[in-house]
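# Examination of the molecular architecture
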Amino acid sequence: ETPLDEAQLDALLMAIGDFVDLKCPFLLGHSRNVAALAAAAGTRLGLPAADVSAIRRAGYVHDVGRIGVSNQVWSKPAQLTEAERERMRMHPYLTDRVLSRIPGLANVAAIARAHHEHLDGSGYPLGLTGAALGRSERILAAAVAYQAALEPRPYRDPYPPEAAAARLRARVTRGALDADSVHAVLSVAGHARMRVRRDDSLTPRETEILGMVARGYSNRDIALRLVL
């Protein structure tokens, strides 16, 4: 077996994301766009290059779990039943199951599986809260929310860019999305800068470490993942 270099791994994960997007016509380009937004936002927030690379890769493959949910759910032009909603909410878990089986992608899997988690615990599939979500997970969630708003769905038309931005800002106000992450995503997407009031004094790296502690990683695991 010949190990992939960094560029080859990126190309492979991008191709996987493109294949997953083919499942639904309205998702074409979704994974690439999420990856680009998330990586650019991570750079804007000053994350190390290795973290930016992990976020970009998680963006490419965050929706792999969609393959495990029927198109009757994804393409339904009306409100989902409770059973259908539960199946839909399983796709980040399925993403984690797939990616966790691939050697070397544990960090990517950890970020990707949290793309629908919210700071206030209202997300899915695990209902994680802010302390359990590191900077990378917060950025990816904001990028997914913005990109999804720009795209059509069987039950709604796409949001215009300003309306999509307003939708994210409302989620910040509600406590679902991280203010700094949303600000960074909207900034790299071309929206006017939004003043953000920080409610803590943690650096992005400190927030990342706190999230790993909350998820149960040992000091050794954290040091290995962050190359400390």
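Residues numbered from 1 in each chain as written. Predicted model: local features only at pLDDT ≥ 70, side-chain atom pairs only at ≥ 80, totals over all residues. Heavy atoms only, no water.

Applying the stated criterion across every chain, the model contains zero aromatic pairs. One cation-aromatic arrangement involves arginine 66 over tryptophan 74; the distance from NZ or CZ to the ring centre is 3.9 Å. (Phe/Tyr/Trp six-rings, centres within 6.5 Å; stacked < 30°, edge-to-face > 60°. Lys NZ or Arg CZ within 6 Å of the ring centre and 35° of its normal.)

Here we take up the packing of helix α2 (residues 30-44) against helix α3 (residues 49-61). Packing of α2 against α3 brings their axes to within 7 Å, and their N-to-C directions diverge by 160 degrees. When the axes of α2 and α3 are compared, the pair comes out roughly antiparallel. For the pair α2 and α3, the sense of crossing is right-handed. Taking contact as the criterion, the partners of Ser31, Arg32, Val34, Ala35, Ala38, Ala39, Gly42 and Thr43 in α2 are, on α3, Val52, Ile55, Arg56, Gly59 and Tyr60. Counted by class, the contact of α2 with α3 contains seven nonpolar, four polar and two charged residues. (Axes fitted to C-alpha atoms, helices over the stretch in contact; angles between N-to-C directions. Helix = DSSP H or I, 4+ residues; strand = E, 2+ residues; numbered from the N terminus. Parallel < 35°, antiparallel > 145°, perpendicular 65-115°, else oblique. Left-handed = near helix turned anticlockwise from the far one by under 90°. Contact = heavy atoms within 4.5 Å. Nonpolar A, V, L, I, M, F, W, Y, C, P; charged D, E, K, R; others polar.)

One finds Val61, Leu99, Leu140, Tyr146, Leu168 and Val185 to be the most contacted residues of the largest nonpolar core, which totals 40 residues. Counting residues per element, this core draws most heavily on helix α8 (residues 135-150), at nine residues. If sequence neighbours within four positions are ignored, tyrosine 146 has contacts with Leu37, Pro161, Ala164, Ala165, Leu168, Val185, Leu186, Ala189 and His191. With nine residues, the next largest nonpolar core counts Cys24, Phe26, Leu27 and Trp74 among its residues. (Core = buried A, V, L, I, M, F, W, Y, C linked by side-chain atoms within 4.5 Å. Buried < 20%, exposed > 50% of the residue type's maximum accessible area, 1.4 Å probe, protein only.)

This next bit is on unusual backbone geometry. Following tyrosine 124, the chain continues into proline 125 via a peptide bond in cis, with omega recorded as 10 degrees. Examined against the element boundaries, proline 125 turns out to sit in the loop between α7 (106-112) and α8.

Next up on the list: the pattern of salt bridges. Throughout the structure, instances matching the rule amount to eleven salt bridges. A salt bridge links glutamate 84 to lysine 76; the nearest nitrogen and oxygen atoms lie 2.7 Å apart. Here glutamate 84 falls in the buried class, since its relative accessible area comes to 15%. Here aspartate 96 and arginine 113 are joined by a salt bridge, their closest N and O atoms 3.1 Å apart. Of this pair, aspartate 96 sits in helix α6 (residues 91-99) while arginine 113 sits in the loop between α7 and α8; the two residues are 17 residues apart in sequence, bridging distant segments of the chain. (Salt bridge = Lys/Arg side-chain N within 4 Å of Asp/Glu carboxyl O.)

Looking now at helix α9 (residues 161-174). Helix length check: α9 (14 residues) gives 20 Å between terminal C-alpha atoms against 20 Å at 1.5 Å per residue, within 8%. Looking at the packing, one finds that the buried side of α9 touches α8 and α10 (179-188). (Expected span 1.5 Å × (residues − 1).)

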